[in-house]
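Inside the fold
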Amino acid sequence: MDKESQLLTTFNSPFGRYCFLRMPFGIKSAQEVFQKRMSQLFENLKGVETDIDDILVWGTTRKEHDDRLRSILNRCQEVGLTLNAEKCKFRVKEVTYIKHTLSADGVRPDQEKIRAIKEMPAPTDKKGVHRLLGTINYLAKFVPNMSAVTEPIRKLLKEEHEFIWTHEQQQAFEKLKDIITKNPVLSFYDVSKPVTVSCDASQCGLGAMLIQDNKPIAYASRSLTDAESRYANIERELLGVLFGLERFNDYTYGKHINVESDHKPLEMIVRKSLGCAPPRLQRMLLRLQKYDFSLKYIPGKDLLVPDMLSRAPIKINTNNEVENVIECFVNMVIRNTSMSDRYLEQITEETSKDDTLQTLTRLIIDGWPDEKNEVPKEVFEYWNFRDELSNVNGIILKGEKIIIPTSMRKNMLNKLHEGHLGIEKTRKLARDSIFWPGINAQITDFISKCSVCLESRRSNTKEPMAESETPELPWMTVGTDIFYWNNNNNLIIVDYYSRYFEIAKLENIRASCVITHMKSVFARHGIPSKVRSDSGSQ
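Description of the structure in this document. Since the structure is predicted, the reported quantities are computational estimates derived from the model, not experimental observations.

What follows deals with the overall build of the chain. Looking only at helices and strands, the chain has 20 helices and 20 strands in total. Out of the 538 residues belonging to the chain, those deemed buried represent 41%. Long-range pairs, those at least 24 residues apart, make up 59% of the contacts in the chain between residues at least 6 apart in sequence. Surface summary for the chain: the accessible area is close to 32800 Å², and the carbon and sulfur share equals 51%.

Scanning the entire structure with this criterion turns up zero disulfides. Here cysteine 88 is not disulfide-linked; the sulfur of cysteine 76 is the nearest cysteine sulfur, at 8.8 Å.

As a general point, the strands of a sheet are linked pairwise by backbone hydrogen bonds and lie either parallel or antiparallel. Read across the sheet, three strands follow the order S5-S6-S7 without closing on themselves; strand pairing throughout is antiparallel. The open sheet terminates on both sides in strands that have one partner only, identified here as strand S5 (95–97) and strand S7 (107–109). Neighbouring strand axes in the sheet, compared pairwise and without regard to direction, differ in orientation by 35° on average. Of the pairings in the sheet, the one linking strand S6 (residues 100–102) to S7 comprises three bridges and is antiparallel in character. Looking at the pairing, leucine 102 lines up with valine 107 of S7.

With 15 residues, helix H20 (residues 511–525) should cover 21 Å at 1.5 Å per step; its first-to-last C-alpha distance of 21 Å lies within 8% of that length. Among the residues making up H20, those that are buried are Cys513, Val514, His517, Met518, Val521 and Phe522. Down the axis of H20, the smallest arc covering the buried residues is 165°, so these residues share one side. Exposed residues on H20 whose side chains face more than 90 degrees from its buried face are Ser512, Thr516, Lys519 and Ala523. For H20, the elements touching its buried residues are strand S17 (477–485), strand S18 (488–495), strand S19 (501–506) and strand S20 (530–532). Where H20 terminates, the next one or two residues include glycine 526, which has phi positive at roughly 105°.

Moving on, we come to a nonpolar patch on the surface. Together, Phe11, Phe15, Tyr18 and Phe20 make up an exposed nonpolar region whose accessible area comes to about 450 Å². For phenylalanine 11, the position within the fold is in strand S1 (residues 11–13).

With that settled, the discussion passes to the pairing of S17. By the bridge criterion, three bridges tie S17 to S20 in an arrangement that is parallel. Its bridge partner lying in S20, glycine 479 is registered against arginine 532. The pairing of S17 with S18 spans eight bridges and is antiparallel. Its bridge partner lying in S18, valine 478 is registered against aspartate 495. Taking the residues that link successive antiparallel strands as the turn, the S17-S18 hairpin has two residues, and the phi of asparagine 486 there is positive, at about 55°.

This next bit is on unusual backbone geometry. Despite not being glycine, isoleucine 52 has its phi angle at roughly 55°, a positive value. With respect to the element layout, isoleucine 52 can be found in the loop between strand S3 (48–51) and strand S4 (54–57). One non-glycine residue, arginine 91, adopts positive backbone phi at about 55°. Checked against the element boundaries, arginine 91 lands in the loop between helix H3 (62–79) and S5. A relative accessible area of 47% means that arginine 91 is categorised as partly exposed.

Attention now moves to the sheet that holds strand S14 (residues 395–398). Pairing in this open sheet of four strands is mixed, and the strands run S13-S14-S15-S16 from one edge to the other. Looking at strand neighbours, the two that pair on one side only are strand S13 (389–392) and strand S16 (434–435), the edges of this open sheet. Here S14 pairs with strand S15 (residues 401–403) via two bridges, running antiparallel. Bridged to leucine 397 within S15 is isoleucine 402.

Let us look at the packing of aromatic side chains. With the rule as written, the count across this model stands at ten aromatic pairs. Note on tryptophan 165 and phenylalanine 173: the rings are 6.0 Å apart at their centroids and 85° apart in plane angle, and the pair reads as edge-to-face. Put simply, the rings of Phe11, Tyr18 and Phe20 pair up and form one aromatic cluster. Lying across the ring of tryptophan 58, arginine 68 places its NZ or CZ 4.8 Å from the centre. If you follow lysine 398 out to its NZ or CZ, it ends over the ring of phenylalanine 385, 5.2 Å from the centre.

Moving on: helix H17 (residues 423–431). Residues of H17 that are buried: Thr426, Arg427 and Ala430. Along the long axis of H17, the arc covered by the buried residues comes to 100°, so they all point the same way. Projecting away from the buried face of H17 at angles above 90 degrees are the exposed residues Glu424 and Lys425. In this structure, the buried side of H17 is in contact with helix H16 (409–416), S16 and helix H18 (439–448).

What counts as what
Residues numbered from 1 in each chain as written. Predicted model: local features only at pLDDT ≥ 70, side-chain atom pairs only at ≥ 80, totals over all residues. Heavy atoms only, no water. Helix = DSSP H or I, 4+ residues; strand = E, 2+ residues; numbered from the N terminus. Buried < 20%, exposed > 50% of the residue type's maximum accessible area, 1.4 Å probe, protein only. Contact = heavy atoms within 4.5 Å. Areas by Shrake-Rupley, 256 points an atom, 1.4 Å probe, with all protein chains shown as cover. Disulfide = S-S within 2.5 Å. Pairing = 2+ DSSP bridges. Axes fitted to C-alpha atoms, helices over the stretch in contact; angles between N-to-C directions. Expected span 1.5 Å × (residues − 1). Arc of directions from axis to C-beta. Patch = residues over 30% accessible without salt bridge, like charges linked within 9 Å, V, L, I, M, F, W, Y side chains within 5 Å. Salt bridge = Lys/Arg side-chain N within 4 Å of Asp/Glu carboxyl O. Phe/Tyr/Trp six-rings, centres within 6.5 Å; stacked < 30°, edge-to-face > 60°. Lys NZ or Arg CZ within 6 Å of the ring centre and 35° of its normal.

Put into structure tokens, the structure is as follows:
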């Protein structure tokens, strides 16, 4: 260590004060500093991996392996690094590294870890269940149906369940031991090969599988939180895609990924602009923007493993950051509407009483049928924009617009037309915040029958717009004006033929200054035949 760092390790003893000259054990940053130094020593050597004090040398052929080993030994000699000969292994077909067994076939769990699980006694309380599940979670990426096997054991962790270890739990415990003795193998990840992430979601969990050459690289699953379980079906499916890409971030970031999903509407959602998606989907799509991926629909019968993972997920302590961010964004969208809290509560209450909207809510949460003719007649008109619908706190949204229950639509038309705006302006006002099927036609019919508008319509005839002739050539006719912006006066000159314009910053608004700038523009584009101005006081 350098002189300054040495003094920081000073300690008292009966014989005086001493300090370490080399980095000792026990310093909090020692491991990181040591790992950084080891990585720097061997960073430019091929086929070498380091983990703290472990060095792994590999090669596809014996000659390649020996050449790389020779370069490692030479580097150790150059830097003065001493190796323990008793712990060194050379030219082995498989090796245990970072608690994994690596071989030409792929990656397997460490046999010592498996033996510890096989010899583990059955739990006697809920803390023992936590220890068991914490240990076997190490094998989750090796066994696709791990969550299904451990389901009876995980049920004991629920607060409403008393701990009783029955035959069902013992059978699951023994089956778990039997599975791990089969030595499941995952393929090695190859950075040069295409990557596929297969995703699925159910009403209780999410599942994903990382694939290369139709061989599994890793499995992942997790259960849904209480709030996530109430998401619409399309929202859960997109959450599954987000979970898969983020869980395998080390493999998916910075590389084009093929994503497989059994939910066909997702293909359209990921291609649309963010503004067309419901609030929750918008937030998920924003998080997905850092990934380069293409989504492909695969029928559910061909996504067996992700489907199984999602229906029997592993119960883990999930990071609620994504859920919290999504819910904050959704609530912000709701609060930004022009409606009061009292009116939103009324909409929620009337929605719960509207049979049509309740049927629509069930379809949003449980999923729409695959065929249009299978949709209930009362919600048939919502089919074409079904992927834009979501349910937030009992209110149905189409994108960011609130769908108004039938009982409130007449009152809503009255409020929209309180200022007796015209048809187009009233439609624009409605488009900003509310929706229901046929709203445009109902606005047109409502305004056309408004007695106040009918009485005053004749006295408010529109003045026809004065049209100007289109010039035959560019810069034949131009319009000029002076405007004030950003604490400066500016001159604008517009060509009537091409609509091309130029803007010049004026030092002052005297005629001489304006003429100078106009001459500069005319010198570049030619002198016009007509110059139109509003004859302002300038």
